[in-house]
Amino acid sequence: MEKRYLAIDIGASSGRAILSFEKEGLLCPEEVYRFPNGPINRDGHLIWDLDKLLEEVKNGIKAAFAVCPNIRSLSIDTWGCDYVLLKGEDPVYPGYCYRDPRTESIIDEVHSRISFDELYSLTGIQFQPFNTIYQLYEDKLTGRLEGVSDFLMLPEYLSYRLTGVKKKEYTNATTTGLVGVDGEFCQTITDKLGLPSHLFPKLSKPGTELGHLSQELASQVGGDCLVRLCASHDTASAVEGVVLPSNALYLSSGTWSLLGAKVGSMINSEPARRFNFSNEGGPGYIRFQKNIMGMWVINRLRAELCPEADFPSIIKMAKLSKTRKTVDINDSAYLSPASMRQAIEREVCQGELSPSELFRIAFNSLALSYSRTIGEIESITGRSYDSLVIFGGGAKNAFLNDLTERVSGKKVIALPVEATSLGNLKIQMKGDNA
């Protein structure tokens, strides 16, 4: 009987359940469920609907068992940085979204307790105002940590709700800005910030077994299976899901763009800090990468200008404009503006722009950002790369891929596959065969 595995892959804009088996050494994935996702605005804050997320995960598992009653295991991955606080078995609401600006006022205070230079020397993690370290410190100042027994990253929380088992996974933990060069939470950091030590236990490796679905849940979804930790940060699973040529960089292209290289050990040099690169965990290697703007800017323009348009129509629109103008697409002005159109128009200082011009400027700016980031990696590592492997939703965008190839001078290899789900599945199968 074929061994079936289930990947639950949740991104910031959608989630999916992918059922797969192995045939002649190849994975044969099938999407059995998909649902929309996104933060909601409540009481002036951007939050995640934790109960709805859990319900959609259950729906995905139920859909998978309807297709196949015998599933060996499942695993969940999501984006990084966000988490759920627990008091025993109960979540502390709300579950904040990383795009919520609640950390802006406390970043300087964090750095007064431990400078960013020291943080970078300990963790090698790039500065982002939404890094978990800043979110947790804001929780401390507002009293949200009082009586808290655990903090679990989102995939860990969802897995806990399936199994009743709480474990923390290495790759997602590295996105917190709290994991040291030894691959464990850094006590120097947590002590200096006065964060409760019991929140930072030993980390588990991708592939670790959590346990089976609870009896109550198994009866709800129509079956039982083992739950494992995969590389639960979605980019870690995505990099694991593709085969990179020996002299290639990778670009995980989705809401965010994550551009980097697989390296053997942390690079936390002064140039790496200055260019704001991250050293995030992979299964047996470090992902030396930079988190830069991705399709978020295109998605926001689409929602504002032409919500009914599909992506082929948007690309046709962009091609109508011959402008070569660009903006600094990684500026904080584009993180969560009330109007993406106005944010771009303010920077190019040209009054009102047409939709064609706006989309073309956004695509030009993304390609330029990729090219500059490649140059930074080559400067820091002292190594020249000849190709860029693009995977994720953005890999389907031939127009942006061509722009990137022209601007960067690197061969672009587009892999329009569900790389994250493939990596999730591969880790499950490896754990099953260990």
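Residues numbered from 1 in each chain as written. Predicted model: local features only at pLDDT ≥ 70, side-chain atom pairs only at ≥ 80, totals over all residues. Heavy atoms only, no water.

Novice: A description of unusual backbone geometry should follow, citing residues and the corresponding values.
Specialist: Residue P94 follows Y93 across a cis peptide bond; omega there is -5°. Note on placement: P94 falls in the loop between strand 8 (90-91) and strand 9 (95-96). We note that C81 has phi near 75°; this positive angle belongs to a residue other than glycine. Under the relative-accessibility criterion, C81 is labelled buried at 8%. (Helix = DSSP H or I, 4+ residues; strand = E, 2+ residues; numbered from the N terminus. Buried < 20%, exposed > 50% of the residue type's maximum accessible area, 1.4 Å probe, protein only.)

Novice: I'd like a rundown of the packing of aromatic side chains, residues and numbers included.
Specialist: Using the criterion set out here, one finds 15 aromatic pairs in the structure. When the ring of Y83 is compared with that of F151, the centres are 5.5 Å apart and the planes differ by 85°; the resulting orientation is edge-to-face. Taken together, the residues span a long stretch of sequence, with Y83 in strand 7 (residues 83-87) and F151 in strand 10 (residues 150-153) at a distance of 68 residues. Seen from their ring centres, F130 and W256 are 5.8 Å apart, and the 50° between their planes marks the pair as tilted. Note that F130 is positioned in the loop between helix 3 (116-123) and helix 4 (132-141) and W256 in strand 14 (residues 256-263), a separation of 126 residues in sequence. Here W256 falls in the buried class, since its relative accessible area comes to 16%. Ring pairing ties together the aromatic residues Y83, F151, F185 and F200, which thus form one cluster. The ring of W296 has R300 sitting right over it, with the charged end atom 5.4 Å from the ring centre. (Phe/Tyr/Trp six-rings, centres within 6.5 Å; stacked < 30°, edge-to-face > 60°. Lys NZ or Arg CZ within 6 Å of the ring centre and 35° of its normal.)

Novice: How would you summarise the layout of surface pockets if you had to cite specific residues and measurements?
Specialist: Within this model, the second largest pocket holds a volume of roughly 480 Å³. Forming the boundary of the second largest pocket are 24 residues, of which N291, I329, N330, D331 and S332 lie nearest the centre. Looking at the lining of the second largest pocket, the elements that each hand over two or more residues are strand 16 (285-293) and helix 14 (355-381). With six residues, the single largest contributor to the lining of the second largest pocket is helix 14. (1 Å grid on protein atoms, 1.4 Å probe; cavity = no way out; pocket = protein on both sides within 12 Å on 5 of 7 lines; lining within 4 Å. Points joined across faces, edges and corners; volume = space filled by probe spheres on them.)

Novice: Can you break down the sheet that holds strand 5 (residues 45-48) residue by residue, with the values?
Specialist: The three strands are arranged 4-5-9 in an open sheet whose pairing can be described as antiparallel. Single-partner strands in this sheet number two, and they are strand 4 (40-42) and strand 9. Pairing analysis gives three bridges linking strand 4 to strand 5, with the strands arranged antiparallel. Of the residues in strand 5, the one forming a bridge with I40 is I47. (Pairing = 2+ DSSP bridges.)

Novice: Before we move on, could you go through the packing of helix 12 (residues 311-320) against helix 14 and cite the residues and values that matter?
Specialist: Between helix 12 and helix 14, the least distance of the axes is 7 Å, while the angle of their chain directions is 95°. Comparing the axis directions of helix 12 and helix 14 gives the class roughly perpendicular. Contact residues: helix 12 offers I314, I315, M317, A318, K319 and L320, while helix 14 offers P355, S356, F359, R360 and F363. Broken down by class, the residue content of the contact of helix 12 with helix 14 amounts to eight nonpolar, one polar and two charged. (Axes fitted to C-alpha atoms, helices over the stretch in contact; angles between N-to-C directions. Parallel < 35°, antiparallel > 145°, perpendicular 65-115°, else oblique. Contact = heavy atoms within 4.5 Å. Nonpolar A, V, L, I, M, F, W, Y, C, P; charged D, E, K, R; others polar.)

Novice: Account for helix 15 (residues 398-408), naming residues and giving values.
Specialist: The set of residues buried in helix 15 consists of F399, L400, N401, L403, T404 and S408. Packing partners of the buried residues in helix 15 comprise helix 12, helix 14, strand 17 (387-391) and strand 18 (411-415).

Novice: Tell me about the nonpolar core, and please be specific about residues and values.
Specialist: The biggest cluster of nonpolar side chains holds 79 residues, and the ones touching the most others in it are L136, F151, L259, I298, I344, F363 and L366. In terms of residues, this core owes the most to one element, helix 14, which gives 11 residues. Setting aside residues up to four positions removed in sequence, F151 forms contacts with Y83, V84, L85, T132, L136, K168, F185, L199 and F200. I10, A64, Y157 and V221 belong to the second largest nonpolar core, which has 44 residues in total. (Core = buried A, V, L, I, M, F, W, Y, C linked by side-chain atoms within 4.5 Å.)

Novice: Give me the lowdown on the packing of helix 11 (residues 296-305) against helix 14, citing residues and values where you can.
Specialist: Between helix 11 and helix 14, the least distance of the axes is 10 Å, while the angle of their chain directions is 170°. The angle between helix 11 and helix 14 places the two elements in the roughly antiparallel class. Residues V297, I298, L301, R302 and L305 of helix 11 pack against P355, L358, F359, A362, F363 and L366 of helix 14. Of the residues belonging to the contact of helix 11 with helix 14, the class tally is 10 nonpolar, no polar and one charged.

Novice: Please provide a residue-by-residue account of the sheet that holds strand 11 (residues 209-212), values included.
Specialist: Ordered in space as 3-2-1-6-12-11, the six strands form an open sheet in which the pairing is mixed. Edge strands, defined here as strands with exactly one partner in the open sheet, are strand 3 (26-36) and strand 11. The average undirected angle you get between the axes of adjacent strands in this sheet is 25°. Both strand 2 (residues 14-23) and strand 3 contribute to a ladder of 10 bridges, which runs antiparallel. Each bridged residue has a counterpart across the sheet, and for A17 the counterpart in strand 3 is Y33. Packing of helix 1 (residues 50-67) onto the sheet brings it into contact with strand 1 (4-10), strand 2, strand 3 and strand 6 (73-77), and relative to strand 3 it is tilted by some 135°.

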